[in-house]
Structure formats: structure tokens, C-alpha cells
Amino acid sequence: MAQTLREDQGLFDKPDGTQSASKIKAGTAVKPLKRQGFWVEVQIGAASGWLKVSMVNFGGASGGPTAIDTGRLGTGNIVSTSATRGLSAKDLINGKPNFDELQKLELLNADGAAVMAFMSEGNVKPIEQKISLAPPAKAAPVASTGAPSGNAGAGGVPTNQKKDDDW
């Protein structure tokens, strides 16, 4: 099965780099060369560049298995997860700690006395009353206003628009 591009997309010169102005059409066959975190280097004809992994349909147009190694195939595999996806087992094994960055992080550590001084200077007070969350009240059904049929509700406002938290 061929890997294809999910959406019209320009190639990047490197992961998180500069995107080319020319767009490659969705459905174009791409050949994955290597992967780096959330990015995959691909070849498209004579051109090569980087795309976000989510832009590549690894199962081709007809669906199918993914070409991304998740470590979950087979039996007896231990899979490690992190706060971000896109790390392969190889990335996890070859990862090295960055002690310079750890030292920077430790400089941000505040002791208890410094925290108490900050709180008193800013007049920070504990909350004295309990906060209780209640479910929202149910809205009464909207009476028909003689509005045109279709997706419009009261005042001509569409009633079936997708909300931010809808899947």
C-alpha cells in the first residue's frame, strides 16, 4: 500500500523549519525516508522534505495498518508512554539526559520561606468559602417562531453548529 498525503501541504526544509510555498495535493504518493519525533522525512518524486506525521496517511487510500512503529506489535512488549506521542522505542532507548537544562530548572526552585514571603507581600489569602459546582440548568425548549425550516432556531441562529468540544 502506498503512503499518501492527507491534505494539500507544503514540504518543510527541516522539522519545525521553513515551509515551501508550493503545495502538494492531497492524495499524492509519498515515500517515508526517516522519522524524527512528530516529523517524517518524505520523498515525492525528485523532491524531498519534512512533513508532520499526522499529514501522512500510512495506510494508503484504502486504509490498513500504520507504518509507524509503536512497539505494541507482538506479545510481551513493554510500551512506555510519555506526555507526548511520537517517540519511538528507539528514541526512548537512545535518549540522553540534558544535565545543563536540569541545572537551569533547579534554579527555579523556591524554598518555603521565599514562597511565604511572596504570599505575604502580595496579600494572598486562602479562600474562606467552599466552592460548589452544580450542573447547568436545562434550557426550556424553544417555541416555534415561524422561522424558516432548516438549521435555524430562534432568531434565525443555526441550532446544529459544531461546538469546540464536540468530536
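In this text the structure is predicted, and so the values were computed from the model without any measurement. (Residues numbered from 1 in each chain as written. Predicted model: local features only at pLDDT ≥ 70, side-chain atom pairs only at ≥ 80, totals over all residues. Heavy atoms only, no water.)

**Some words on unusual backbone geometry**
Note the threshold: Numbering of helices and strands starts at the N terminus; helices are DSSP runs of H or I of at least 4 residues and strands are runs of E of at least 2.
You will see that Asp 16, though not glycine, has its phi angle at about 60°, which is positive. For Asn 123, which is not a glycine, the phi torsion comes out positive at approximately 55°. If you trace the backbone, Asn 123 turns up in the segment after helix H3 (112–121).

**Brief notes about the side chain of Asn 57**
Convention followed: Per-residue accessibility, obtained with a 1.4 Å probe over protein chains only, is compared with the maximum for each type, and a residue is labelled buried under 20%, exposed over 50%, and partly exposed between these values. For this analysis, residues touch if any pair of their heavy atoms sits within 4.5 Å.
Position of Asn 57 among the secondary structure elements: in strand E5 (residues 56–57). On the accessibility criterion, Asn 57 (18% relative accessible area) is buried. In contact with Asn 57, not counting residues within four places along its chain, are Ala 2, Gln 3, Thr 4 and Arg 6.

**Digging into the pattern of salt bridges**
How we decide: For this analysis, a salt bridge means a side-chain nitrogen from Lys or Arg found within 4 Å of a carboxyl oxygen belonging to Asp or Glu.
The final tally for this structure, using the stated rule, is two salt bridges. Residue Lys 25 is joined to Asp 8 by a salt bridge in which the shortest nitrogen-to-oxygen separation is 3.9 Å. In this pair, Lys 25 is assigned in the loop between strand E1 (3–5) and strand E2 (29–36) and Asp 8 in the loop between E1 and E2, connecting sequence segments 17 residues apart.

**Section: the side chain of Gln 9**
Following the sequence through the fold, Gln 9 ends up in the loop between E1 and E2. With residues near it in sequence (within four places) discarded, Gln 9 still touches Gln 19, Ser 22, Lys 23, Ile 24, Leu 51 and Met 55.

**What to know about the sheet that holds E5**
We apply this condition: Any two strands with at least two DSSP bridges between them are considered paired.
Spatial strand order, E4-E3-E2-E1-E5: five strands in an open sheet with antiparallel pairing. Two strands in the sheet have a free side with no partner beyond their single neighbour: strand E4 (47–52) and E5.

**Describing the confidence of the model for the protein**
Quick reminder of the rule: The predictor rates its confidence in each residue with pLDDT, a number between 0 and 100.
The pLDDT averaged across the protein works out to 76; a share of 67% of its residues lies at or above 70. Here residues 60–67 is modelled with pLDDT under 50, and outside its nearest four sequence neighbours on either side it reaches 13 contacts, counting other chains as well.

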